[in-house]
Amino acid sequence: MALSVQAVRGMNDLLPADTARWQQAEQVLRDTVASFGYSEVRMPLLEKTNLFSRAIGEVTDVVEKEMYTFEDRSGESLSLRPEGTAGCVRACLEHNLIYNQEQRLWYMGPMFRHERPQKGRYRQFHQLGVEVFGLNGPDIDAEIILLSKTLWDKFGISDNLKLQLNTLGTSEERLAYRQNLVSYLEQHFDDLDEDSKRRTHTNPLRVLDSKDPKTGEILVNAPQLMDFLGAESRAHFDNLRQILESCGVAYEINPRLVRGLDYYNLTVFEWVTDALGAQGTVCGGGRYDGLVAELGGSPTPAVGFGLGLERLILLLTTLEKLHERNAVDIYVVGAGDNAAVEQAKLSLRLRSDLPHARIMNHCGGGNFKKQFRRADKLQAKAAVILGESELATGTLTVKDLHAGDGTQQTLPYAEAVALLKSLL
Ligand code: HAM
């Protein structure tokens, strides 16, 4: 049987045209988190399985059905990370980064979930994650929301993203609410969709997230968590809203926003767009003050978000916010007996004198016509010609490939470099 050489379903290659766009987006993300004073962490893609079941919750879609879990050669159960928060907390605890100290951290990289692939939903996808430890006020919740808003502003997509906000209160407040919600759902049990029936007794808050229209109708009159909040939780939420409003961030309160992972409390939020079809959540996060202790650390307040890079880049591409970018500025062509040696030497010298230019040396010989065709195909801005006469006179010929009129000038090296600089 022939070997199948196709990628795994839901896992995408990024080809040169894609990576040019990804790099532009990633640069804005990196610059922005740096401008808020956040530091990068890099965690392994594999962790012990129980880290995720413990952190994310046993009764969540991610843990129940979406993890890539396997036994390694020593019989230990490992999983590809479905998200970054659990691993980030694990790393912070292991290296003692958060005991009695604040941390503002970010990471970027692939995550893995065995979901049904469709536009905007993949089995390997990428997130920018931001996690803050050691701060419990609404000011830091506001800060990470403002950070995300800064990203949309820089990309020019603020008009296409809406902020949804909710509060999940404390675990005690949720417990009281949960009992009320369960009795309400039980009264309407027969009309619930199958998933919601199952969740009514395992993870009832997740029923609020149901996309089923009939369940949706039932939920209109369901009790609301907001009515079960104590004074402190209310004040936290009100203060957050006040900061957002003062900074001009519009939001909508969505009492059904509960998020798919179990570690959240108080503030939760999502940025959604209607430009991408069903997978419209570009960024989501919230507070998770219980997780550090749950994973064995001392109680430490925490808040963060995850931003889906595929969805962001789909949106940026749909809205034509990224430019096409070729790979080469200057193409070095040549002729003569010793062309290979001379071109290689010249290209190295040019790269050292023009460190920001992207300089490609023509390889493989051929006449000038063929060499210029390559330069045009690469959309290079200029060609540098090193022929017999240039070699003999110690000059270079520089051709402006974007001028379209075929102008070229033969100049001594230093002047040629100056001309190239002006053409970049
Ligand atoms: P999440 O909501 O599961 O949160 O994922 C965050 C974002 O990752 C989503 O809004 C979406 O843009 C993207 N995403 C999730 N699944 C897929 C997929 N299958 N294909 C493409 N994109 C996807 C978290 O992961 C939390 N760790 C966020 C967080 C950090 N909360 C606090 N700190």
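Note: the structure precedes this text.
Just so it is clear, the model here is predicted, and its values are computed rather than measured. (Residues numbered from 1 in each chain as written. Predicted model: local features only at pLDDT ≥ 70, side-chain atom pairs only at ≥ 80, totals over all residues. Heavy atoms only, no water.)

Undergrad: Can you break down the packing of aromatic side chains residue by residue, with the values?
TA: Within a pair of aromatic rings, the relevant descriptors are the distance that separates the centres and the angle that separates the planes. Under the criterion given, the structure shown has seven aromatic pairs. Centroid distance Trp152 to Trp271: 5.7 Å. Interplanar angle 75°. Geometry classified as edge-to-face. Taken together, the positions of Trp152 in helix 5 (residues 138-155) and Trp271 in strand 9 (residues 265-272) put the pair 119 residues apart, joining distant regions of the chain. Here the two residues Trp152 and Trp271 agree in accessibility, since each one is buried. (Phe/Tyr/Trp six-rings, centres within 6.5 Å; stacked < 30°, edge-to-face > 60°. Helix = DSSP H or I, 4+ residues; strand = E, 2+ residues; numbered from the N terminus. Buried < 20%, exposed > 50% of the residue type's maximum accessible area, 1.4 Å probe, protein only.)

Undergrad: Can you lay out empty space enclosed by the protein for me, pointing to particular residues and giving the numbers?
TA: Counted according to the given criterion, the structure contains one cavity of 30 Å³ or more. Quantified by volume, the largest cavity comes out at close to 30 Å³. For the largest cavity, the full set of lining residues is Val59, Thr60, Asp61, Glu64, Arg198, Arg199 and Arg206. Looking at the lining of the largest cavity residue by residue, the class counts come to one nonpolar, one polar and five charged. (1 Å grid on protein atoms, 1.4 Å probe; cavity = no way out; pocket = protein on both sides within 12 Å on 5 of 7 lines; lining within 4 Å. Points joined across faces, edges and corners; volume = space filled by probe spheres on them. Nonpolar A, V, L, I, M, F, W, Y, C, P; charged D, E, K, R; others polar.)

Undergrad: Residue-level account of the nonpolar core, with values.
TA: Formed by 44 residues in total, the largest nonpolar core has its most connected members in Ile56, Cys88, Phe133, Leu181, Leu185, Tyr263 and Tyr288. Listing elements by their share of this core, those giving two or more residues are helix 2 (49-56), helix 3 (61-66), helix 4 (85-94), strand 5 (103-112), strand 6 (124-133), helix 6 (171-187), helix 8 (213-220) and helix 10 (291-294). Counting residues per element, this core draws most heavily on helix 4, which supplies five residues. In this structure Tyr288 touches Thr85, Val89, Glu131, Phe133, Tyr263, Tyr264, Asn265, Ala302, Val303 and Gly304, once residues within four positions along its chain are discounted. Counting 42 residues, the second largest nonpolar core, distinct from the first, contains Trp22, Ala142, Ile157 and Leu315. (Core = buried A, V, L, I, M, F, W, Y, C linked by side-chain atoms within 4.5 Å. Contact = heavy atoms within 4.5 Å.)

Undergrad: With reference to specific residues and values, describe the pairing of strand 4 (residues 77-80).
TA: Direction of pairing for strand 2 (residues 46-48) relative to strand 4: antiparallel, over a ladder of three bridges. Its bridge partner lying in strand 4, Leu46 is registered against Leu80. Where strand 3 (residues 69-71) and strand 4 come together, three bridges link them in antiparallel fashion. Each residue of the ladder has a partner; that of Glu71, found in strand 4, is Ser77. (Pairing = 2+ DSSP bridges.)

Undergrad: With reference to specific residues and values, describe the site of the ligand.
TA: Of all residues adjacent to the ligand, which total 25 residues, the nearest are Glu83, Thr85, Glu115, Glu131 and Tyr264. A distance of 3.0 Å separates an oxygen atom of the ligand from a polar atom in the side chain of Gln127. One of the backbone N or O atoms of Thr281 is found 2.9 Å from an oxygen atom in the ligand. Look at the ligand: alone it shows 660 Å² of surface, and the protein chains cover 95% of it. Put simply, the parts of the chain that give the shell around the ligand at least two residues each are strand 6, strand 10 (281-287) and strand 11 (302-308). (Near = heavy atom within 4 Å. Polar contact = N/O pair within 3.5 Å; in protein donor to acceptor, adjacent residues only side chain to side chain. Areas by Shrake-Rupley, 256 points an atom, 1.4 Å probe, with all protein chains shown as cover.)

Undergrad: Any chance you could break down the sheet that holds strand 16 (residues 408-412) for me, citing the residues and the numbers?
TA: Here five strands make up an open sheet; going across it, the order is 13-12-14-15-16 and the pairing mixed. Every other strand in the sheet has two partners, leaving strand 13 (359-361) and strand 16 as the edge strands with one partner each. Across the sheet, the axes of successive neighbouring strands diverge by a mean angle of 25°, strand direction being ignored. Packed on one face of the sheet, helix 15 (residues 413-423) meets strand 12 (330-334), strand 14 (382-386), strand 15 (395-400) and strand 16 and runs near 135° to strand 16. (Axes fitted to C-alpha atoms, helices over the stretch in contact; angles between N-to-C directions.)

Undergrad: Any details on the sheet that holds strand 8 (residues 252-253)? Residues and values, ideally.
TA: Spatially, 1-5-6-11-10-9-7-8 is the arrangement adopted by the eight strands of the open sheet, whose pairing is mixed. On the outer flanks of this sheet lie strand 1 (39-40) and strand 8, each paired with one strand and no other. Pairing between strand 7 (residues 162-167) and strand 9: six bridges, direction antiparallel. Within the sheet, the bridge partner assigned to Leu163 lies in strand 9 and is Trp271. Each of strand 5 and strand 6 touches helix 4; the most contacted strand, strand 6, lies at about 45° to it.

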